[in-house]
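# Structural features, examined
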Amino acid sequence: MTHLDLPPELGASRLPALPADFGFTSAHAMAVSGARRLLAERAPIAHARSVVEGRAAPDPELYRELAGLGWLAACAPDAHGGAGPDHLLFALLLEEQGRVLLPSPLLASALALEAIAAGGSPEDAARLIPSIVAGECVAAVAVSEPGGLLGAGLTRAVRQGSELALYGAKTHVLAGDEARVLVVPARNHASELELYAVELPCPGVRVERERSVDGTRPLARFFLDGARVPARARLAGDATRALRTVLARGAAFVAAELVGAAEAVLTMTRDYAVVRQQFGRAIGSFQAVKHPLVDLMCQLELARSLSLAAACAIDHAPADAERAARMAKAAAGDALAFAVKKGVQLHGGFGFTWDCDAQLFFKRSLWGQAAFGDAGYHRQRLARELCG
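Nothing here was measured: the structure is a model prediction, and the numbers come from that model.

## Some words on helix α2 (residues 45-52)
- Considered for burial, the residues of α2 that qualify are H47, A48, R49, S50 and V51.
- Positive backbone phi, approximately 80°, marks G54, located one or two places after α2.

Have a look at this one:
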């Protein structure tokens, strides 16, 4: 076997058949340009800082405005108010959201839409999706349990007459304190996985705000102590497939946000290197500064390519979407981690202070690397899948 050959199990038949340009069109370019202008005006990085410092709150009106512009529609079937779907568009919009660390439940609602579309019946979709797509209802998915479990290891659904009672706890629920619909994985009496769309507030459900390392990403913990839900709350589709879909798309979506954040750090650090003077010269003229920035740019472009490929695969090569999402999440997590390390370093003494925005991106890096599996986890799963 030459160095250019691949064994059959790693050959072309296993590679996703994606468009060479990932399906990027002029409409995508216009949407990105409009999103960048809107967020620069309505939610610059100073807004994220204000939220972290407690001087402001996330803007619910902006969330509804973004939903009205079709951001959530990119993740929903067109039969229920969606626009396609077009996951490449959504990934591009998430990049823009990541650039400004937008405090918004948009990502949480998008994942809930994915869960309902994949795990619900047409009747479930018609009942739940339109209000989420329109921005009238914030939704969330509860996929984590105490002890780091994913799915429904300890959560139980018990039938009580015409209703069902849910018992257990869910942790690290993104935008949980804002959610009015919570998608909950649980096990029935036969230990079969099921998904429930719980409309909040609900008797037997207690919500506690969790302390998050990233103040722009509020998390909540749900305690289900006999939460009574009607039988129609159970989504009628394949719960196992839906949960796997949510976990893979969560990795792909977070990867897109991390790419946007890494680009913002690169831009911020480059601009600082241009104006900061040392020994009578801009520090950006020194090789010790130029080379790390170029290394970061190369790493960022690789991560972006994998992120866009993962989004494209959801619509064009769904069989390969999970694998592509793992690659994207690992690369994007590493890219932002490297970006904030060099961003703090190249800002000098200022970079270690609260006043430097690099610390906000550092905290997003910590949250983003852990969310839906870190780079080590995904590379291990890829190695196991591809190489046995």
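## As for the state of the cysteines
- Tallied over the entire structure, the rule returns 0 disulfides.
- In this structure C75 is a free cysteine whose sulfur lies 14 Å from that of C312, the closest cysteine sulfur available.
- Classification of C75 as buried rests on a relative accessible area of 3%.
- Judged by relative accessible area, C312 falls into the buried class, the value being 1%.

## Here we look at helix α9 (residues 321-346)
- Taking 1.5 Å as the rise per residue, α9 with 26 residues should run 38 Å; its terminal C-alpha atoms sit 37 Å apart, in good agreement.
- Burial of α9 is extensive: 20 of the 26 residues sit out of reach of the surface.
- Within two residues after α9, G348 carries a phi angle of roughly 65°, on the positive side.

## Concerning the confidence of the model for the protein chain
- With 95% of its residues at a pLDDT of 70 or more, the protein chain shows a mean pLDDT of 91.
- For the stretch residues 1-13, pLDDT sits under 50, and the model shows 7 contacts to residues farther than four places along the chain or on other chains.

## Thoughts on the pairing of strand β6 (residues 181-187)
- Taken across its 7 residues, β6 has 6 buried, putting it largely inside the fold.
- Bridge count for strand β1 (residues 139-141) against β6 is 3 bridges, and the pairing is parallel. What sits directly across from V141, in β6, is V183.
- Across 7 bridges, the pairing between β6 and strand β7 (residues 193-199) is antiparallel. Within the sheet, the bridge partner assigned to V184 lies in β7 and is Y196.
- From the end of β6 to the start of β7, which pair antiparallel, there are 5 residues, and S191 there has a positive phi angle of about 65°.

## What to know about the packing of aromatic side chains
- Under the counting rule described, the total for this entry stands at 2 aromatic pairs.
- Ring geometry for F90 against F253: centres 5.0 Å apart, planes inclined by 70°, an arrangement best described as edge-to-face. Of the two residues, F90 is situated in helix α4 (residues 87-99) and F253 in helix α7 (residues 239-275); the sequence distance between them amounts to 163 residues. In this pair, the class of F90 matches that of F253, namely buried.

## Section: the packing of helix α5 (residues 106-119) against helix α6 (residues 122-133)
- Viewed as axis vectors pointing N to C, α5 and α6 meet at an angle of 165°, and their least axial separation amounts to 10 Å. Put simply, α5 runs roughly antiparallel to α6. Judged by the twist between their axes, the crossing of α5 over α6 is left-handed. Counting all contacts with α5, which are made through S109, L113, I116 and A117, the residues of α6 involved are D124, A125, L128, I129, I132 and V133.
- Its residues assigned to classes, the contact of α5 with α6 comprises 8 nonpolar, 1 polar and 1 charged.

## Considering the pattern of salt bridges
- Throughout the structure, instances matching the rule amount to 30 salt bridges.
- E199 is the partner of R127 in a salt bridge, and the nearest nitrogen-oxygen pair spans 3.6 Å. Taken together, the positions of R127 in helix α6 and E199 in strand β7 put the pair 72 residues apart, joining distant regions of the chain.
- Exposure remark for E199: the relative accessible area of 42% places this residue in the partly exposed category.
- Among the ionic pairs, R364 bridges to D214, the shortest N-O distance being 2.5 Å. In this pair, R364 is assigned in helix α10 (residues 358-370) and D214 in the loop between β8 (205-210) and β9 (219-230), connecting sequence segments 150 residues apart. The same class applies to R364 as to D214, namely buried.
- Each of R36, E95, E96, R99, E263, E301 and R304 takes part in one network of salt bridges that share partners.

## Focus on the side chain of T269
- Relative to the elements of secondary structure, T269 occurs in helix α7.
- By relative accessible area, which is 3% here, T269 ends up buried.
- Engagement of the side chain of T269 in a polar contact is seen with the backbone oxygen of V265, the distance being 2.7 Å.
- Excluding anything up to four places from it in sequence, T269 contacts L293, K342, G343, L346 and H347.

## A short note on the nonpolar core
- Counting 122 residues, the largest nonpolar core has L166 and F253 as the members making the most contacts within it.
- No other element matches α7, which puts 20 residues into this core.
- Sequence-distant contacts of F253, defined by excluding residues within four places in its chain, comprise C75, H87, F90, L94, L107, A110, L111, E114 and I314.

Rules of the game
Residues numbered from 1 in each chain as written. Predicted model: local features only at pLDDT ≥ 70, side-chain atom pairs only at ≥ 80, totals over all residues. Heavy atoms only, no water. Buried < 20%, exposed > 50% of the residue type's maximum accessible area, 1.4 Å probe, protein only. Helix = DSSP H or I, 4+ residues; strand = E, 2+ residues; numbered from the N terminus. Disulfide = S-S within 2.5 Å. Expected span 1.5 Å × (residues − 1). pLDDT = per-residue confidence, 0-100. Contact = heavy atoms within 4.5 Å. Pairing = 2+ DSSP bridges. Phe/Tyr/Trp six-rings, centres within 6.5 Å; stacked < 30°, edge-to-face > 60°. Axes fitted to C-alpha atoms, helices over the stretch in contact; angles between N-to-C directions. Parallel < 35°, antiparallel > 145°, perpendicular 65-115°, else oblique. Left-handed = near helix turned anticlockwise from the far one by under 90°. Nonpolar A, V, L, I, M, F, W, Y, C, P; charged D, E, K, R; others polar. Salt bridge = Lys/Arg side-chain N within 4 Å of Asp/Glu carboxyl O. Polar contact = N/O pair within 3.5 Å; in protein donor to acceptor, adjacent residues only side chain to side chain. Core = buried A, V, L, I, M, F, W, Y, C linked by side-chain atoms within 4.5 Å.

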